[in-house]
Amino acid sequence: MKIIVLVKQVPDTEEERRLDLATGILDRAAGQSVADEINERALEVALRYKDGDKKGTEVIALTMGPESATQALRKALSMGADSAVHVVDDGLEGADIARTAAVLAAAANQTGFDLLVAGNESTDGRGGVVPAMVAEHLGLPLLPSLDSAEISESSVTGEVTVDSGSLSVRAGLPALVSVTERSAEARFPNFKGIITAKRKPLARLSLADLGLGSDLDAAPRSVVVTTAERPARSAGKKIIDDGNAGVQLAEFLVASRLI
Ligand SMILES: Cc1cc2nc3c(=O)[nH]c(=O)nc-3n(C[C@H](O)[C@H](O)[C@H](O)COP(=O)(O)OP(=O)(O)OC[C@H]3O[C@@H](n4cnc5c(N)ncnc54)[C@H](O)[C@@H]3O)c2cc1C
């Protein structure tokens, strides 16, 4: 069984995140970048299946991102992934969601897989659509936003929370699933994992390696039109209770459309 886990490197949510206001592109130099936590949970789902004495199981971490995204892959390798694939190419700078999905699908195709596991939504772009778009490119069934996922030799099952309750869902392999922050708590890399991660295979692929390039350049693409800094917070309004504070509070909530 070959399981590909889609791992995105994102700015650390513990730090302040910034857009370059001139280009609308993420300012990666402004803070530290890390593997998205939701992807560590996705990896955990795959590793738990591998742990169940599935010697034939191979877990591959796949990312598309700048040079620095190698760190996210090394983290995945130290947690237990067997190998990693990094799609890195100057032509991908400013890639929008559609391009990202097309490139990830091509890389998955070239790597080969029985199952793809992704996070349901990244903590930076927060599009929440890359897994569905990759599944569409690859013609795969998609089980989105699983709170839990169980892999077997021929299928994957899981639970999804919906407004009125929960659903149990199943798809035959090959398939793609995305998991939520309620899914498997990710393990910490141990010392052995950190040491062996350095020796595990990490392949670098360019757009040309994937047979992509001119097609992607010609594809329609979303662009950032303008960017603006969030206005500074203004001081709140103080309500002094002189007998009608309740009315004033209610009026404030109505005016703010909070009730
Ligand atoms: C006009 C425009 C320009 C942009 N320019 C840049 C840019 O220069 N640099 C930049 O970093 N972003 C840029 N972005 C954002 C970038 O397109 C998205 O972050 C990216 O396409 C993924 O979308 P998302 O984060 O919303 O994914 P979501 O759909 O929220 O992600 C869900 C899951 O998909 C998988 N996934 C998503 N992206 C990747 C990835 N790259 N590698 C592996 N797995 C992945 C992960 O498992 C993730 O948990 C731009 C967006 C737009 C609209």
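Everything below is about the structure shown above.
Now for a description of the structure that goes with this document. (Residues numbered from 1 in each chain as written. Predicted model: local features only at pLDDT ≥ 70, side-chain atom pairs only at ≥ 80, totals over all residues. Heavy atoms only, no water.)

### Description of the sheet that holds strand β4 (residues 58–64)
Stated formally: Any two strands between which DSSP finds at least two bridges are classified as paired. Comment: elements are numbered from the N terminus, with helices defined as DSSP H or I runs of at least four residues and strands as E runs of at least two. A fitted line through C-alpha atoms serves as each axis, taken over the contacting stretch for helices, and the angle formed by two N-to-C directions is quoted from 0 to 180°. Whether two residues touch is decided by their heavy atoms; if any such pair falls within 4.5 Å, the residues are in contact.
With parallel pairing, the 7 strands of this open sheet are ordered in space as β7-β11-β6-β1-β4-β5-β12. With partners counted over all chains shown, the strands left at the sheet margins are β7 (142–146) and β12 (202–205), one partner each. Shown here is a sheet whose adjacent strand axes are inclined to one another by a mean of 20 degrees, direction ignored. Across 3 bridges, β7 lies against strand β11 (residues 175–179) in parallel orientation. Residue pairing for β11: L146 is matched across the bridge by V179. Where helix α3 (residues 97–111) meets the sheet, it contacts β1 (2–6), β4, β5 (83–87), β6 (115–119) and β12, and its direction lies at approximately 150 degrees from that of β4. Sitting on the sheet, helix α4 (residues 130–138) touches β6, β7 and β11, and the angle it makes with β11 is about 180 degrees.

### Some thoughts on the site of the ligand
We apply this condition: By convention in this text, a residue qualifies as near a molecule or strand provided that one of its non-hydrogen atoms is within 4 Å of it. Pairs of N or O atoms are called polar contacts if they sit within 3.5 Å, as long as, within protein, a hydrogen donor faces a hydrogen acceptor (for residues adjacent in sequence, only side-chain-to-side-chain pairs). Only the protein chains shown count as cover for residues, and all accessible areas are computed by the Shrake-Rupley method using a 1.4 Å probe. In this classification, Asp, Glu, Lys and Arg are treated as charged, Ala, Val, Leu, Ile, Met, Phe, Trp, Tyr, Cys and Pro as nonpolar, and every other residue, Gly included, as polar.
In the vicinity of the ligand there are 32 residues, among which K8, R28, S122, G127 and G128 approach most closely. Residue G94 places a main-chain N or O atom 3.0 Å away from an oxygen atom belonging to the ligand. At 2.5 Å, a side-chain N or O of S122 approaches an oxygen atom of the ligand. When the free accessible area of the ligand is taken as 930 Å², the share hidden by the protein chains comes to 88%. Put simply, the parts of the chain that give the shell around the ligand at least two residues each are α1 (37–51), β4, α3, β6 and α4. Along the lines of polarity and charge, the residues of the shell around the ligand split into 15 nonpolar, 11 polar and 6 charged.

### As for the environment of A98
If you trace the backbone, A98 turns up in helix α3. Taking the C-alpha atoms as reference points, A98 and L212, separated by 114 residues in sequence, lie 14 Å from one another. With residues up to four places along the chain from it excluded, the contact list for A98 reads M133 and H137.

### Points about the packing of α3 against α4
Condition: The cut-offs work like this: below 35 degrees is roughly parallel, past 145 is roughly antiparallel, 65 to 115 is roughly perpendicular, and the gaps in between are oblique. Note on convention: the crossing is left-handed when the near helix lies turned anticlockwise from the far helix by less than a right angle, right-handed when the turn is clockwise.
In contact at an axis separation of 8 Å, α3 and α4 are set at 50 degrees when each is read in the N-to-C sense. The angle between α3 and α4 places the two elements in the oblique class. As for the relative orientation of α3 and α4, their crossing is right-handed in sense. Only V130, M133, V134, H137 and L138 of α4 make contact with α3, whose side of the interface consists of I97, A98, A101, A102, L104, A105, A108 and N109.

### Considerations on the environment of D82
For the record, the criterion: Only protein chains enter the accessibility calculation, which uses a 1.4 Å probe. A residue is then buried if its area is under 20% of the maximum for its type, exposed if over 50%, and partly exposed in between.
Topologically, D82 is positioned in the loop between α2 (70–79) and β5. Using a relative accessible area of 24% as the deciding quantity, one classes D82 as partly exposed. Between the C-alpha atom of D82 and that of I259, which follows or precedes it by 177 residues, the distance is 52 Å. The contact partners of D82, leaving out residues within four places of it in the chain, are K50, T57, E58, V59, L77, K200 and P201. There is a polar contact of 3.0 Å between the side chain of D82 and the side chain of K50.

### Section: α4
The following threshold applies: The arc in question is the one spanned by the directions pointing from the helix axis to the C-beta atoms.
What α4 keeps buried is the set P131, V134, A135 and L138. Projected down its long axis, α4 carries its buried residues within an arc of 100 degrees, all on one side. The secondary structure elements touched by the buried residues of α4 are α3, β6, β7 and β11. Downstream of α4 by a residue or two, G139 has a phi angle that is positive, lying close to 65 degrees.

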